[in-house]
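# Structural overview for review
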Amino acid sequence: MDYNVGDLVWIFIPIRKVGLSEKLMKRYFGPYRVTRKLSDVTFEVEPVDQPTRRRQARDLVQVLRMKPYHDPEDKADLFKRNTLEDDKHTGRPSSSKTPESIEKVRESVAKNRSASMRMMAEVLHVNRETIRTILHEDLGKTKVCAKFVPQNLPGEQKSLRIAHCRDIISAYENDSNFLKSIVTGDETSGFQYDPKTKRQSAEWKSKNSPQAKKTRKVPSKIKTMLITFFDSRGNIHKEFVPAGRTIT
């Protein structure tokens, strides 16, 4: 399904409430207006009925979460019927695994790799357990979170680090004592003091010994920095940085 700028759509927003069945809860909200098309599967939308005095809130949504908007209060279609037969309904989600359903799930994952099984079940009209089976057994897919890294280095910095590592390896191959001459340092920040916990204050006492008392304390709000320098043989120097100073 393709959408153009200005189209009104419903947005799928999965919600849960304790004590209420998911089948009876509202899943689509709107109307939203398409304000920009970023790609074939990503659109920027904004709510139609938001206050004009406030800053416009716009969201980025995947096409799997969108469907055309129809005014639920518009009853004009009721007077255009030419037959007394019932309209076609989607019915229960399909629970059978077919080559067509496998291909639908494959295309859905290719368009949006972050889509949940509930979202795909709602859009593709396939049972969620069937989608789980297709993903794991037929497509061999598992959902894995992104790996956390301290910094995301650009290509130039990665190439520079590789060059430095190669220089160190080359120097070590020429002189086996080269690594012993390297001095490096590190820094860490922590609170100036950390109060003793109740578990840490526990002591072995006899039956008739009085119980010790401990006042409640809050952790320090003042942080301090510790710097240390070391080589291949161990720590060379360490000190706490005075407040107000920086390390360059």
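Residues numbered from 1 in each chain as written. Predicted model: local features only at pLDDT ≥ 70, side-chain atom pairs only at ≥ 80, totals over all residues. Heavy atoms only, no water.

The protein chain has the name Integrase p58-like C-terminal domain-containing protein in an unreviewed UniProt entry, where Cordylochernes scorpioides is given as its organism.

## Concerning the overall build of the protein chain
Broken down by element type, the protein chain carries four helices and eight strands. For the protein chain, the sequential pattern of α-helices and β-strands runs β-β-β-β-β-α-α-α-α-β-β-β. Taken across its 248 residues, the protein chain has 20% of its residues classed as buried. For the protein chain, contacts bridging at least 24 residues in sequence account for 54% of all contacts bridging at least 6. Here the protein chain displays about 21100 Å² of accessible surface, and carbon together with sulfur accounts for 52% of that area. (Helix = DSSP H or I, 4+ residues; strand = E, 2+ residues; numbered from the N terminus. Buried < 20%, exposed > 50% of the residue type's maximum accessible area, 1.4 Å probe, protein only. Contact = heavy atoms within 4.5 Å. Areas by Shrake-Rupley, 256 points an atom, 1.4 Å probe, with all protein chains shown as cover.)

## Concerning unusual backbone geometry
Cis geometry is found at the peptide bond from Gly-30 to Pro-31, where omega equals 10 degrees. Position of Pro-31 relative to the elements: it lies in strand β2 (residues 28-37). The phi dihedral of His-125 is positive, around 60 degrees, even though this residue is not glycine. Positionally, His-125 belongs in the loop between α2 (117-124) and α3 (128-138).

## Structural notes on the pattern of salt bridges
Two side chains that carry opposite charge are able to pair once their charged atoms sit near each other. Applying the stated criterion across every chain, the model contains seven salt bridges. Residue Arg-106 pairs with Glu-103 through a salt bridge whose shortest N-O separation is 3.5 Å. A residue pair is termed a helical-turn pair when its members lie 3 or 4 positions apart in one helix, as Arg-106 and Glu-103 do in helix α1 (residues 99-111) at three residues. Taking the relative accessible area as the measure of exposure, Glu-103 reaches 35% and is therefore partly exposed. Three or more residues joined by partner-sharing salt bridges are found here, namely Arg-36, Glu-44, Glu-46 and Arg-58. (Salt bridge = Lys/Arg side-chain N within 4 Å of Asp/Glu carboxyl O.)

## As for the nonpolar core
In this structure, Val-105, Met-120, Ile-131, Leu-135 and Leu-139 are the most contacted members of the largest nonpolar core, which totals 17 residues. Those elements giving two or more residues to this core turn out to be β1 (8-12), α1, α2 and α3. Ranked by residue count, the leading element in this core is α2, at four residues. Not counting residues within four places of it along the chain, the set of residues in contact with Met-120 comprises Ser-108, Val-109, Ala-115, His-125, Ile-131 and Leu-135. (Core = buried A, V, L, I, M, F, W, Y, C linked by side-chain atoms within 4.5 Å.)

## Structural notes on the sheet that holds strand β8 (residues 234-241)
Each strand in a sheet pairs with another by means of backbone hydrogen bonds, the pair being arranged parallel or else antiparallel. The strand order β6-β7-β8 describes an open sheet built from three strands, whose pairing is antiparallel. Two strands in the sheet have a free side with no partner beyond their single neighbour: β6 (184-191) and β8. Going from strand to strand, the sheet's axes swing by 20 degrees on average, the running direction of each strand aside. Across eight bridges, the pairing between β6 and strand β7 (residues 223-231) is antiparallel. Residue pairing for β7: Gly-190 is matched across the bridge by Thr-224. (Pairing = 2+ DSSP bridges. Axes fitted to C-alpha atoms, helices over the stretch in contact; angles between N-to-C directions.)

## Details of the side chain of Ser-108
If you trace the backbone, Ser-108 turns up in helix α1. The class of Ser-108 is buried, set by a relative accessible area of 4%. Those residues in contact with Ser-108 that sit more than four places away from it in its chain are Leu-64, Met-120 and Leu-124.

## What to know about α3
For α3, every residue scored as buried is listed here: Thr-130, Ile-131, Ile-134 and Leu-135. Buried residues along α3 cover an arc of 135 degrees about the axis, so they all sit on one side. Looking at the packing, one finds that the buried side of α3 touches α1 and α2. A positive backbone phi angle near 65 degrees is found at Gly-140, which sits one or two residues after α3. (Arc of directions from axis to C-beta.)

## Some thoughts on the sheet that holds β1
Pairing in this open sheet of five strands is antiparallel, and the strands run β4-β3-β2-β1-β5 from one edge to the other. Sheet topology places β4 (59-62) and β5 (66-68) at the edges, where each strand pairs with a single neighbour. Neighbour-to-neighbour, the strand axes of the sheet open up by a mean angle of 50 degrees, direction not taken into account. Inspection of the sheet shows strand β3 (residues 42-47) paired to β4 by four bridges, in the antiparallel sense. Each residue of the ladder has a partner; that of Phe-43, found in β4, is Val-61.

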